[in-house]
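Structural description and commentary
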Amino acid sequence: LAMKRDDTIAAVRAWTELLNINPEHALARNNLAWLLLNTEPSKASMHAQAAVELVPDNADFLDTYAMALKSNKQFRESLRIQFWSRKRLTALNSL
């Protein structure tokens, strides 16, 4: 709800509290990463990577991870994730 109200501080707090309860909540990690992209890119990358490790074939999580890498100026790795994700998701959709 806080994300819809554009209340970033409250949203960060809510996702962080959820992760304190359940550190393996992939959606919380992804959404927290998205919120931290511009303010704390290294934390964003850490949470995005964890989300992808928990749910490797989620296109949204892969996109957030690629954006987090880009925010950390890891451009080559960001592109690699984007290309890998597109290739992997295309293969899954063709099944």
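Look above for the structure.
Residues numbered from 1 in each chain as written. Predicted model: local features only at pLDDT ≥ 70, side-chain atom pairs only at ≥ 80, totals over all residues. Heavy atoms only, no water.

1. Observations concerning the overall build of the chain
Our working definition: Segments assigned H or I by DSSP are reported as helices when at least four residues long, segments assigned E as strands when at least two residues long, and all are numbered from the N terminus. In this setup the radius of gyration rests on C-alpha atoms only. A globule is expected at 2.2 Å times the number of residues raised to 0.38. To sort residues, take the accessible area from a 1.4 Å probe on protein chains only and compare it with the maximum for the residue type: under 20% means buried, over 50% means exposed, and anything in between is partly exposed.
Counting its regular elements, the chain contains five helices and zero strands. Moving toward the C terminus, one meets the helices and strands of the chain in the order α-α-α-α-α. A globule of 95 residues ought to have a C-alpha radius of gyration of about 12 Å, and the chain, at 13 Å, matches this closely. Projected onto its principal axes, the C-alpha coordinates of the chain cover approximately 40 × 30 × 25 Å. Within the chain, the fraction of its 95 residues that count as buried is 35%.

2. Observations regarding the environment of Glu53
Turning to its location among the elements, Glu53 is positioned in helix α3 (residues 41-54). Residue Glu53 is classed as exposed on the basis of its relative accessible area of 57%.

3. Observations regarding the nonpolar core
In plain terms, the rule: Side-chain atoms within 4.5 Å link the members of a nonpolar core, which is a set of buried Ala, Val, Leu, Ile, Met, Phe, Trp, Tyr and Cys residues. Whether two residues touch is decided by their heavy atoms; if any such pair falls within 4.5 Å, the residues are in contact.
Core analysis: the biggest nonpolar cluster contains 21 residues, and Trp15, Ala44, Tyr65 and Ile81 have the highest contact counts within it. Sorting the residues of this core by element identifies α1 (8-21), α2 (26-36), α3 and α4 (59-71) as the ones contributing at least two each. Each residue touching Ile81, except ones within four places of it in the same chain, is listed here: Leu62, Tyr65, Ala66 and Leu69.

4. Remarks on the pattern of salt bridges
To keep things clear, this is the line we draw: Salt bridge, as applied in this entry: a Lys or Arg side-chain nitrogen positioned within 4 Å of an Asp or Glu carboxyl oxygen.
The tally for this structure, following the rule as stated, stands at two salt bridges. The salt bridge involving Lys43 is made with Glu40; its shortest N-O contact spans 3.3 Å. For Lys43, a relative accessible area of 42% translates into the label partly exposed. Two residues, Glu77 and Arg80, come together in a salt bridge whose shortest N-O distance is 2.7 Å. Of the two residues, Glu77 and Arg80 are both situated in helix α5 (residues 75-93); the distance of three residues between them amounts to about one turn of the helix. Judged by relative accessible area, Glu77 falls into the partly exposed class, the value being 27%. Judged by its relative accessible area of 44%, Arg80 falls in the partly exposed class.

5. Digging into α5
Rules: Helix span, expected: 1.5 Å multiplied by one less than the number of residues in the helix. By construction, the arc corresponds to the directions joining the helix axis to the C-beta atoms.
When the terminal C-alpha atoms of α5 are compared, their 27 Å separation across 19 residues agrees well with the 27 Å that a helix rising 1.5 Å per residue should span. For α5, the full list of buried residues reads Ser78, Ile81, Ser85 and Leu89. Viewed end-on, α5 has its buried residues packed into an arc of 60°, placing them on one side of the element. Residues of α5 that are exposed and angled more than 90 degrees away from the buried face: Arg76, Phe83, Arg86 and Lys87. Tucked inside the fold, the buried residues of α5 contact α4.

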